[in-house]
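Remarks on the overall topology
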Amino acid sequence: MYAVCAMLAGVGATYAQDTVVVPETRTVVVPEARPNAIVIQPEQKTVIREYVHKNPVASINVLGLELNLGSRVPETVTLYEVPDTRYRYTVIDNRTVLVDPETHEIVEVLN
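Note that this is a predicted model, so its numbers are computed, not measured. (Residues numbered from 1 in each chain as written. Predicted model: local features only at pLDDT ≥ 70, side-chain atom pairs only at ≥ 80, totals over all residues. Heavy atoms only, no water.)

Applying the stated criterion across every chain yields a total of three salt bridges. In this structure, lysine 45 and glutamate 108 form a salt bridge, with 3.4 Å as the shortest nitrogen-oxygen distance. Linking lysine 45 in helix 2 (residues 42-54) with glutamate 108 in strand 4 (residues 106-109), this pair joins segments that are 63 residues apart in sequence. Here glutamate 105 makes a salt bridge to arginine 72, at a shortest N to O gap of 3.3 Å. Here the residue glutamate 105 occupies a position in the loop between strand 3 (95-99) and strand 4, and arginine 72 occupies one in the loop between helix 2 and strand 1 (80-81), the gap between them amounting to 33 residues. A relative accessible area of 22% places glutamate 105 in the partly exposed class. Residue arginine 72 is classed as exposed on the basis of its relative accessible area, which comes to 53%. (Salt bridge = Lys/Arg side-chain N within 4 Å of Asp/Glu carboxyl O. Helix = DSSP H or I, 4+ residues; strand = E, 2+ residues; numbered from the N terminus. Buried < 20%, exposed > 50% of the residue type's maximum accessible area, 1.4 Å probe, protein only.)

In structure tokens, the structure reads:
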């Protein structure tokens, strides 16, 4: 491998007008799975998005809350039911978030 790279580097230096393309290896970084991570299936996301779109609620501001997965929404925030799912939703800073009503953790940021 090193010999090939050295050879290609030499070729590039000798023939400056030529272009040598060395294929790049692709590395796929898979995020570390969080323990007890919640996975919402794409079909379920579609149903939830449609429901939320048809049932809008007013956006609120929660000072200091970052809308990240696992962030906890204060218990004083009103959560709205999504039929046929255990999650609730609310709109914070004009972004719809799904929340686990038991832990008040954000499980999905929809927009």
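Once the structure has been displayed, the description carries forward.
Turning to the environment of arginine 88, a few remarks are in order. Mapped onto the elements of the fold, arginine 88 is located in strand 2 (residues 88-92). Between the C-alpha atoms of arginine 88 and glutamate 102, which are 14 residues apart in sequence, the distance is 10.0 Å. Contact partners of arginine 88, with chain neighbours within four places excluded, come to Leu79, Tyr80, Glu81, Val97, Leu98, Val99 and Pro101. (Contact = heavy atoms within 4.5 Å.)

Time to look at the nonpolar core. Formed by Val62, Leu65, Leu67, Val73, Val77, Ile92, Val97, Val99, Ile106 and Val109, the largest nonpolar core amounts to 10 residues. For this core, the secondary-structure elements that each account for two or more residues are strand 3 and strand 4. (Core = buried A, V, L, I, M, F, W, Y, C linked by side-chain atoms within 4.5 Å.)

A few words on the confidence of the model for the chain. For the chain, the average pLDDT comes to 77, and 66% of its residues sit at 70 or higher. Contacts from residues 1-8, a stretch scored under 50 in pLDDT, to residues over four places away or in other chains number two contacts. Low pLDDT, under 50, characterises residues 11-33; the stretch is placed with three contacts to residues that sit more than four places away or in other chains. (pLDDT = per-residue confidence, 0-100.)

Attention shifts here to the packing of aromatic side chains. With the rule as written, the count across this model stands at two aromatic pairs. Where tyrosine 51 meets tyrosine 89, the ring centres are 6.3 Å apart and the plane angle is 85 degrees; that geometry is what we call edge-to-face. Of this pair, tyrosine 51 sits in helix 2 while tyrosine 89 sits in strand 2, and the two are 38 residues apart along the sequence. Ring centres of tyrosine 80 and tyrosine 89 lie 5.8 Å apart, and the angle between their planes is 45 degrees; on these two criteria the pair is classed as tilted. By relative accessible area, tyrosine 80 is classed as partly exposed at 33%. For tyrosine 89, a relative accessible area of 2% gives the class buried. (Phe/Tyr/Trp six-rings, centres within 6.5 Å; stacked < 30°, edge-to-face > 60°.)

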